[in-house]
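# Overview (structure and organization)
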Amino acid sequence: MYNETVMEHFTNPRNVGEIEDADGIGEVGSPQCGDIMKIFLKVEDNIIKDIKFKTFGCASAIASSSIMTDMVKGKTIEEALALTNKDVVDALGGLPKPKVHCSVLAEEAIRSAIEDYKKKMK
Amino acid sequence: MTKRRVYVDNSATTPVHPQVLEEMLPFFNENFGNPSSVHSFGRQAKKAMDKARERVAVALGAKTEEIFFTGSGTEADNWAVKGVALANKDKGNHIITTKIEHHALLHTCEYLEKHGFEVTYLDVDEYGLISLKQLEEAIKDSTILISIMFANNEIGTIQPIGEAARIAKEKEIYFHTDSVQAMGNVKIDVKELGVDLLSISGHKIMGPKGIGVLYIRKGVRLDNLIHGGAQERRRRPGTENVAAVVGMGKAAQLATENLEQHIRDMTSLRDKLINGIYERIPHVKLNGHPTERLANNVNFSFEFIEGEALLLSLDMVGIAASSGSACTSGSLDPSHVLMAIGLSHEIAHGSLRLSLGEINTDEDVEYILEQLPPIVERLRSLSPLFKQCEGGKVSV
């Protein structure tokens, strides 16, 4: 059902947790759909210095969160905003079709956290 | 060291019992005759069919001429509902069933609704039980069939089938029950229960896949689902799957002969599992009825986590179970049964069904109780919903 990369990220997810004094927090999804992704950002000089996540959802939701946080860590805000769900799917080596929405959730989660960061900066 | 494997998905399917397999094997290439043939090969196959039919009849308390073999439990359900609907449409177009039926029933009813039939879907309470009062109130002059499952496949709740059948009988309405999960876990006697139609399946009772049975009480009017030759007294044509029929007969015999012992064994394992989970894991809810439940069914919701992630984690340590989560159903909604008993979406998403069988042991239960708590804990540590609850009231 899932490839090795997905299973690896599900079993050993990177960047799990929360950041107490986060510069930006994003939360997407809903318990009704069975997926909630929460992202915490630490930003310095326009660069994502640290990122943590907590996810309620299936294995692909957890794997998508994990790989997405890895992909944007150390990147600029603009680079992180350019990340698409397809990038997430590709990095995972593919997701089963009914699970592609998990990668969309990962894209929305990072955008939502950055939006929150930008709001706080104003 | 080989990885330990524990199969607790016996409501999905069971292994074929060695004695069943042994009786089936000669009918693949030795006694391969067509039961409709006149020659000795055919007669041999016919004799085996008769013996199997007799065994199923004895198991259900029916007459042999009331037992009809089908290709699956699903086919038996389809036949009962569509067959009665079409044969009795001059009398009325109303069917009563429940919200927690198997899809074999629900989707058949939805199909009939598209063809002019009217269907009432009875509610169930928080334990999954129907209300006999609501059943009585739902009956109309146009009601031609009541179909209520004997025991639920997900949460194991056992319905008061005898009482429901009595209500149907008083109003002269046909009564069908899908007994696919009940068979082998509950005593079934069609005459005592007073049902007109009853479906069972082979592979849920250590028989082969691809075989089911519809009990049709003598005198019940129903149309064929399949048209063709003279097999099954012209009511279910198609050359018989003789090996599977033989297997069904043996499986039904074994399931009823050892029923009391089986129920005792399963209840003991079930309660050990239920109590063990309650003791070891906080924020859990047992789904289904505490006592009116199948001896082999355990269904828990684990708050703050999702069922598919739980299933995969269990699978990694060799434990095979199932879930009512949307992610395992191929749709966006969690199981209709869990929704019907009033669970919130997030609780329904976190459900886990452990269904026991003959192959399970005390050691299996101990292994599950050892493996499950750290898995739940790990998934909760990833969940944003969990923190809100720590040290305080549960708020999802």
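Residues numbered from 1 in each chain as written. Chains lettered and ligands numbered in written order. Predicted model: local features only at pLDDT ≥ 70, side-chain atom pairs only at ≥ 80, totals over all residues. Heavy atoms only, no water.

## Quick look at the sheet that holds strand S12 (residues 351-355) of chain B
Each strand in a sheet pairs with another by means of backbone hydrogen bonds, the pair being arranged parallel or else antiparallel. Residue and element names in this part refer to chain B. Overall, antiparallel pairing links the three strands, which are arranged S9-S10-S12 in an open sheet. Every other strand in the sheet has two partners, leaving strand S9 (284-286) and S12 as the edge strands with one partner each. Recorded for the sheet is a direction-independent mean angle of 25° between the axes of neighbouring strands. In the packing of helix H10 (residues 259-280) onto the sheet, contacts are made with S9, strand S10 (297-302) and S12, and the angle to S10 comes to roughly 15°. (Pairing = 2+ DSSP bridges. Helix = DSSP H or I, 4+ residues; strand = E, 2+ residues; numbered from the N terminus. Axes fitted to C-alpha atoms, helices over the stretch in contact; angles between N-to-C directions. Contact = heavy atoms within 4.5 Å.)

## Points about helix H1 (residues 4-11) of chain A
Listed as buried for H1(A) are A:Val6, A:Met7, A:His9 and A:Phe10. Taken down its axis, H1(A) places every buried residue within 165° of arc, on the same side. In this fold, the buried residues of H1(A) make contact with helix H2 (59-72) of chain A together with helix H11 (307-316) and helix H15 (362-382) of chain B. The opening residue of H1(A), the one whose side-chain oxygen lies 2.9 Å from the backbone nitrogen of A:Thr5, is A:Asn3. (Buried < 20%, exposed > 50% of the residue type's maximum accessible area, 1.4 Å probe, protein only. Arc of directions from axis to C-beta. Polar contact = N/O pair within 3.5 Å; in protein donor to acceptor, adjacent residues only side chain to side chain.)

## Some remarks on the packing of H2(A) against H11(B)
Between H2(A) and H11(B), the least distance of the axes is 7 Å, while the angle of their chain directions is 90°. When the interaxial angle is binned, H2(A) and H11(B) end up roughly perpendicular. In contact with A:Ala59, A:Ser60 and A:Ile62 of H2(A), H11(B) contributes B:Glu308, B:Ala309 and B:Leu312. Of the residues contributing to the contact of H2(A) with H11(B), the split by class is four nonpolar, one polar and one charged. (Parallel < 35°, antiparallel > 145°, perpendicular 65-115°, else oblique. Nonpolar A, V, L, I, M, F, W, Y, C, P; charged D, E, K, R; others polar.)

## With respect to the side chain of A:Asp35
Residue and element names in this part refer to chain A. Following the sequence through the fold, aspartate 35 ends up in strand S2 (residues 35-44). Buried charge without a partner: aspartate 35 forms no salt bridge, and the closest opposite charge is lysine 99, 7.3 Å away. Beyond its immediate chain neighbours, meaning those up to four positions away, aspartate 35 contacts Val28, Gly29, Ser30, Phe56, Gly57, Cys58, Ala61, His101 and Leu105. (Lys, Arg positive; Asp, Glu negative; His and termini not counted. Salt bridge = Lys/Arg side-chain N within 4 Å of Asp/Glu carboxyl O.)

## Thoughts on the pairing of strand S3 (residues 94-98) of chain B
All names here are of chain B. Buried residues dominate S3, accounting for five of its five residues. By the alternation rule, side chains of S3 split into His94, Ile96 and Thr98 and Ile95 and Thr97, which are all buried. As paired elements, S3 and strand S4 (residues 118-122) share five bridges and run parallel to each other. Bridging from a neighbouring strand, isoleucine 95 pairs with valine 119 of S4. Considered for its hand, the β-α-β crossover made up of S3, helix H5 (residues 103-114) and S4 is right-handed. In the sheet, S3 pairs with strand S5 (residues 143-147) via three bridges, with the strands oriented parallel. Residue pairing for S5: isoleucine 95 is matched across the bridge by leucine 145. (Right-handed = clockwise from strand over helix to strand, strands pointing away.)

## Structural notes on the pattern of salt bridges
Under the definition given, this model contains 29 salt bridges over all chains. B:Arg280 is paired through a salt bridge with B:Glu279; the nearest N and O atoms lie 3.9 Å apart. Each member of the salt-bridge network shares a partner with another, and the members are A:Glu8, A:Arg14 and A:Asp70.

## Brief notes about the interface of chain A and chain B
On the side of chain B, 21 residues touch chain A, which itself brings 23 residues to the contact. Where chain A abuts chain B, roughly 1,900 Å² becomes buried across the two surfaces, and 68% of that area is made up of carbon and sulfur atoms. Along the contact surface separating chain A from chain B lie one salt bridge. At the junction of chain A with chain B, the criterion picks out eight residue pairs in polar contact (both at pLDDT 80 or more). At the level of elements, H1, S2, strand S3 (47-56) and H2 of chain A are the ones that each hand at least two residues to the side of chain A that touches chain B. In terms of residue class, the side of chain A that touches chain B is built from 13 nonpolar, six polar and four charged. (Buried area = accessible area lost by both parts, 1.4 Å probe.)

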